[in-house]
Amino acid sequence: MSTPINILSVKIGEGLFAFDGEKVEQILRVPSITSMPLTSNSIKGVSNISGKTTTIVDMATILNKVEVDTSSKQARVLTIKYEDKEYGVLVDAVLEMESVEEENYEVSKKDNSKISGLYKKDEKIYQIIDTDIAISSLSLVNYAPVLLDKFGQNNQEEDNQKVEDLNNLRYIFLTLGNENFAISLEVAREIIFIPENITGISEAGNGVIGMITLRNELIIALDLKKIINIDEKQEITKEQEKQKRFLLLNYEGKSVALLVDSINEVKDIPSEKIEVLPSRFADSKVESIFKDENKITSIISTVFLKDLAKEYVIEEEESKRIDDELKAKESEMSEIAAFKIKDEEFALDIQDVQEIIKYTQVTPIPEAPEFVDGLINLRGAVIPIVSLPNRLGFEKEVTSKSKILICDLKGEKIGLFVDDVNEIMFINEQDINQSNSEDSLFSEVIILEEGKRIILKLRITELLDDKTLDDIKIIKEKEAS
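Attention in this report is confined to the structure presented alongside it. Computed from a predicted model, the values in this text were never measured in an experiment.

**Here's the deal with the packing of aromatic side chains**
Under the defined criterion, the tally for this structure stands at six aromatic pairs. Considering the side-chain rings of F339 and F346, the 6.3 Å spacing of their centres and the 25° angle between planes classify their relative orientation as stacked. Each member of the pair, F339 as well as F346, carries the same accessibility label: buried. Ring geometry for Y359 against F417: centres 5.4 Å apart, planes inclined by 85°, an arrangement best described as edge-to-face. Placement of Y359 in the loop between β25 (353–358) and β26 (372–378) and of F417 in strand β29 (residues 412–418) is noted, with a sequence separation of 58 residues between them. Take Y359: its relative accessible area is 22%, and that puts it in the partly exposed class. In this structure F417 comes out as buried when scored by relative accessible area, which is 0%. Ring-pair connections join several aromatic residues into one group, and the members of that group are F339, F346, F394 and F442. The aromatic ring of F173 is capped on one face by K267, whose charged end is 5.0 Å from the ring centroid.

Listed below in structure tokens is the structure:
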């Protein structure tokens, strides 16, 4: 196994472990898990993750440790692919994602070991887990679910089962407001969480939320409640907000995303239990109903959904045009890391910031250059820490929110102490006022929210003079020797 570029460090039992960051797709709180009887102790069961039935395995017991306490607030599930199938891997806690310094990584000399290597950091050693070998050790093929209604059937019974299946219709049951609906699986592609980035569309019609990108495909997102005219009568709670999902409709290989309040289940319904609405009650959106346990579910018309998908699907040429427009718009924007010192906001160009870490104890150095607080050890590298508050004429105050920005300054890696990092953000060119001087400490003044928010952008090359940088180089050389 080659040296990973990034690792995700975790706790398993009392030990420190890590996964290849490229293999981890999602980090989730522990979902509801349905146990699977007569399976290995390391297979905890199955769970619905992103609309897919996912096998959940306990990495602690795979490594012969005490099983993960799934009720713990720190426990997490990592989704990892193995042989084109997605598995949920239980760990006791997730620590952080970080880049790997090759000189601190040691490859395991044992063949077919669940531990592929060791990574040393801050006097701690992390064991790197080879997920392929760890998961393959479970002989998962032996634990594939068995349909009990087929077990032991003769050929005639199997034929009868096939006929029965033809008489069943499969639906996704969902909630919109306080009402229950179902959509035929025939038109559904997949279920996804709400992405962080949704691009708005100017002059969009009623019910259009915006555009999302999924695996390089541009997809129009619609609010299904607005599309079928369901009024939102109650204020939505945070818990209800977490239940929202996008249901993707499929149309000729393309997709449209429908926002729904929750996805409840996928199940078969005998066709005789579906009641087609009389013409005087039916409309173009709801074609039938299903009554079950004193609950009525409205089945949304498949024809209506296909027409909806056809209307809003983005064709390839249109997708390319929109993508080009978005790229052009992005090229007209600058990305910055905005941070606070006292009550003022400052920023650096994101290209100047290599990483952002929590404040860690600094080792003071005698006769340090002005503004230099001391040194830290970051993954084996000696980093001098510069106090930006002192550099800018403020008093330094360390709090739980304090951060260190790791930057490259004229070839030297330094850390900049700041009170807090607000956000990483894109700024429109029209919101930026450039400085007339090329050697001033502040290169730009960024004016946002109609003048209510002003951010001063620093020119990193002007933070320290050449003499201070030379002194820093000497200190680093002494520490390295």
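**Concerning a nonpolar patch on the surface**
A contiguous nonpolar patch, built from V445, I447 and I454 and spanning about 210 Å² of accessible area, is present on the exposed surface. The residue V445 is located in strand β32 (residues 442–448) in this model.

**Section: the sheet that holds strand β14 (residues 188–192)**
Judged by pairing direction, the sheet is mixed, and its five strands sit side by side in the order β14-β17-β18-β16-β15 without closing on themselves. If you trace the sheet from one side to the other, it starts and ends with β14 and β15 (208–214), each paired once. Taking each pair of neighbouring strands and ignoring which way they run, the sheet shows an average axis angle of 30°. Pairing between strand β16 (residues 217–223) and strand β18 (residues 254–260): four bridges, direction parallel. When the bridges of β18 are listed, L222 appears paired with L258.

**Considerations on the pairing of strand β24 (residues 344–349)**
As judged from the six bridges shared by strand β23 (residues 333–341) and β24, these two strands associate in the antiparallel manner. Of the residues in β24, the one forming a bridge with F339 is F346. Where β23 folds back onto β24 in an antiparallel hairpin, the turn is made up of two residues, including K342, whose phi is positive at roughly 55°. Pairing of β24 with strand β33 (residues 453–458) involves three bridges; the strand directions are parallel. Bridge pairing links A347 to K457 in β33.

**Structural notes on the pattern of salt bridges**
Taken as a whole and assessed by the stated rule, the structure comprises 19 salt bridges. Note that K291 and E275 form a salt bridge whose closest N and O atoms lie 4.0 Å from each other. With K291 in strand β21 (residues 286–292) and E275 in strand β20 (residues 274–276), the pair connects residues that are 16 residues apart, well separated along the chain. Owing to a relative accessible area of 47%, K291 belongs among the partly exposed residues under this scheme. On the accessibility criterion, E275 (36% relative accessible area) is partly exposed. Across the pair E423 and R453 runs a salt bridge, and its minimum N-O distance is 2.9 Å.

The rules behind these values
- Residues numbered from 1 in each chain as written.
- Predicted model: local features only at pLDDT ≥ 70, side-chain atom pairs only at ≥ 80, totals over all residues.
- Heavy atoms only, no water.
- Phe/Tyr/Trp six-rings, centres within 6.5 Å; stacked < 30°, edge-to-face > 60°.
- Buried < 20%, exposed > 50% of the residue type's maximum accessible area, 1.4 Å probe, protein only.
- Helix = DSSP H or I, 4+ residues; strand = E, 2+ residues; numbered from the N terminus.
- Lys NZ or Arg CZ within 6 Å of the ring centre and 35° of its normal.
- Patch = residues over 30% accessible without salt bridge, like charges linked within 9 Å, V, L, I, M, F, W, Y side chains within 5 Å.
- Areas by Shrake-Rupley, 256 points an atom, 1.4 Å probe, with all protein chains shown as cover.
- Salt bridge = Lys/Arg side-chain N within 4 Å of Asp/Glu carboxyl O.
- Pairing = 2+ DSSP bridges.
- Axes fitted to C-alpha atoms, helices over the stretch in contact; angles between N-to-C directions.

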